Amino acid sequence: MCGIVGYTGTSQAAPILLDGLARLEYRGYDSAGLAIRDGSELAQVVKSTGKLRSLIEKTDSGRSLAGTCGIGHTRWATHGEPSQTNAHPHVSGNCTGSACGQVESEVVGVHNGIIENYLELRDKLSRHGYQFYSETDTEVVVKLIDYYYRKYKIGPVDAINRTLVRVRGTYALALMFRDHPGEIYAARKDAPMIIGVSGENSYLASDVPAILNYTRSVYYIGNLQIARVLPGEVHFYDLNGDEVQLERTEITWDAKAAEKNGFEHFMIKEIYEQPAAVRDTLASLLCDGKISLADTGLDDTTLRSVSSIRIVACGSAWHVGMAAQYILEDLAQIPVRVELASEYRYRKVLSDDRELLIVISQSGETADSLAALRKGKDMGIRTLAIVNVVGSTIAREADHVLYTHAGPEIAVATTKAYSSQLIAIYCLAVETAFMLGRIDEEAYEYYIQELTSLPDKITRILEEKERIQWFASKYSNARDIFFIGRGLDYAISLEGSLKAKEISYVHSEAYAAGELKHGTISLIEDNILVIGVLTQKDLFEKTVSNMAECKARGAYLMALTSYGNYSVEDSADFTVYVPKADPHFMASLAVVPLQLFGYYSGVARGLDVDKPRNLAKSVTVE
Ligand code: AGP
């Protein structure tokens, strides 16, 4: 997704903006640009395609752009190909590749999101004499603001308000007006943005890492709110143009947490942070040795009223939901349905007011998951969000929030957030089961004991990573990989397959082991890698049989199981063992070798494992 930064204060803006954009690179992009004001009427606009490095070189690390106020952008193309002309910032005048530089436009802006009705607006503006140099929806929005600003001779806030009422879609906008030097105007709807202040300086960004080195004191601007950002002060307005007061929040993240700390990639760092992320998330849900959901507001009465649970999410978060189904149904004995957010949001959903809708999202900004949350709320369903980013949109709009404590997750491929989400689910399942009388005190204490043992067991797996590292390098050029399992092992296979695909670009599929023979086994031939996940004791032999069926057709078998199941070596060509834990919690252990497999496969192929091609950390557009 696009990244936005802004700064106005007493320092030179360009170096600060470039530093902020560098910390947003994980969001995925294909071009970048800056617009800087030095107090004169003109803005300096510089853009570049490709990596941020070319913009840094073009501006001599920002030194060639004098000025203490500016905005910056990294673009993940939605409308219009990646090009210098389509790169942001966009202006109300002309700014093609060559015409950039000093622009005397009334309005200059950057945008994250999608304007769905931009073509009709573009036609409207063309009829009023506007000409367009790019293919982007952003240029249309900037020119529409300019149109209202000139036509009604109103201030920036009112011109933006009129525009927000007219556009449909999602946006986080940062704008500068020629007649208002030193000021930045911002507005958002369903796309992330925060605004920070420190002394006589103000900062604006799509996400925390971009400003964490400058301030921890931030405002989370609300949907359909406008901000007027001055050096060291911010004013907020609603759609009526009335000023509104927002509370300032202190960010508790450690700046180092958003750095690599000596690891080669954020992904491996975050894999190694899993023991801490699991421990911290668990600690946040334990009070005097008992699970406490008090912070979520889900009390016993509320939980007793729940007759069914529906879990909606995307990607790895959906895989957590798939695991949750087995765990919640087995422990709490509440019917659970798991759905892809992108399907749920457009489906005719039959539900009742005794359903609990759980939306799982690391970023709390995923468009499909946010839409699903809103659909559930519109239907009067009680909603619980399991989110990693404090103050994110999903966190703020859900009825109840259970925060995971994975810390900032920078790598596009989620690892520690996935593991923290599992802990949240385990605690919800065990607490609900105990409260409903489905498990007794002894079982309750046993499960909590098992949960507290997980961080050390994950550490032990990481200490023995060399075997999986070697195997991943050996199979990094595989053509197809099949991950198979039954029950929870199928849910684990889903996450293992996605890690392999999104990091090493090797095609892989996760399959319910018992389903292979209904067609897909026709794909098994010599040397196809089949990874069998075998953590569930009562399904162990069945899956081993399915693996043997693949071996009989030429497959190379890797088994992933817990220590003690040595009989699997009679079938498997290569076996990875993990420590034992209660079967309900084995996903937390089995997923670690699969994360390492995906990571080392990508490294072996020389790929950008933190920023895989075509992907973004948070998919804030449809
Ligand atoms: C997983 O490695 C991917 N990054 C992706 O599938 C991700 O889990 C999905 O986009 C959901 O993101 P969210 O948790 O921020 O909503």
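See above for the structure.
Residues numbered from 1 in each chain as written. Predicted model: local features only at pLDDT ≥ 70, side-chain atom pairs only at ≥ 80, totals over all residues. Heavy atoms only, no water.

Brief notes about the side chain of D480
Considering the arrangement of structural elements, one finds D480 in strand β24 (residues 480-485). For D480, a relative accessible area of 16% corresponds to the buried category. Apart from the residues within four sequence positions on either side, D480 is in contact with H507, I528 and L529. (Helix = DSSP H or I, 4+ residues; strand = E, 2+ residues; numbered from the N terminus. Buried < 20%, exposed > 50% of the residue type's maximum accessible area, 1.4 Å probe, protein only. Contact = heavy atoms within 4.5 Å.)

Regarding the packing of aromatic side chains
For the structure shown, the criterion picks out 23 aromatic pairs. Relative to F574, the ring of W470 lies with its centre 5.7 Å away and its plane at 45 degrees, an arrangement referred to as tilted. With W470 in helix α15 (residues 466-474) and F574 in strand β28 (residues 574-578), this residue pair connects regions lying 104 residues apart in the sequence. The buried category is assigned to F574, whose relative accessible area is 7%. (Phe/Tyr/Trp six-rings, centres within 6.5 Å; stacked < 30°, edge-to-face > 60°.)

A few points about the sheet that holds strand β19 (residues 308-313)
Ordered by their spatial adjacency, five strands build an open sheet running β20-β19-β21-β22-β23, and the pairing between neighbours is parallel. Whereas interior strands pair on both sides, the edge strands pair on one side only; in this sheet they are β20 (336-340) and β23 (400-403). Within the sheet, the average angular offset between the axes of one strand and its neighbour, ignoring direction, is 20 degrees. Sheet topology places β19 next to β20; five bridges connect them, and they run parallel. Across the sheet, residue R310 finds its bridge partner in β20, namely R337. Contacting β19, β21 (355-361) and β22 (382-387), helix α11 (residues 367-378) runs over the sheet at an angle of about 165 degrees to β21. (Pairing = 2+ DSSP bridges. Axes fitted to C-alpha atoms, helices over the stretch in contact; angles between N-to-C directions.)

What about the site of the ligand?
In the vicinity of the ligand there are 14 residues, among which S361, S363, T366, V412 and E502 approach most closely. T366 has a polar side-chain atom sitting 2.5 Å from an oxygen atom of the ligand. A distance of 2.5 Å is found between an oxygen atom of the ligand and a side-chain nitrogen or oxygen belonging to E502. Coverage of the ligand by the protein chains reaches 90% of its 410 Å² of free accessible surface. At the level of secondary structure, the elements contributing two or more residues to the shell around the ligand comprise α9 (315-331) and α16 (488-504). Partitioning the shell around the ligand into residue classes produces five nonpolar, seven polar and two charged. (Near = heavy atom within 4 Å. Polar contact = N/O pair within 3.5 Å; in protein donor to acceptor, adjacent residues only side chain to side chain. Areas by Shrake-Rupley, 256 points an atom, 1.4 Å probe, with all protein chains shown as cover. Nonpolar A, V, L, I, M, F, W, Y, C, P; charged D, E, K, R; others polar.)

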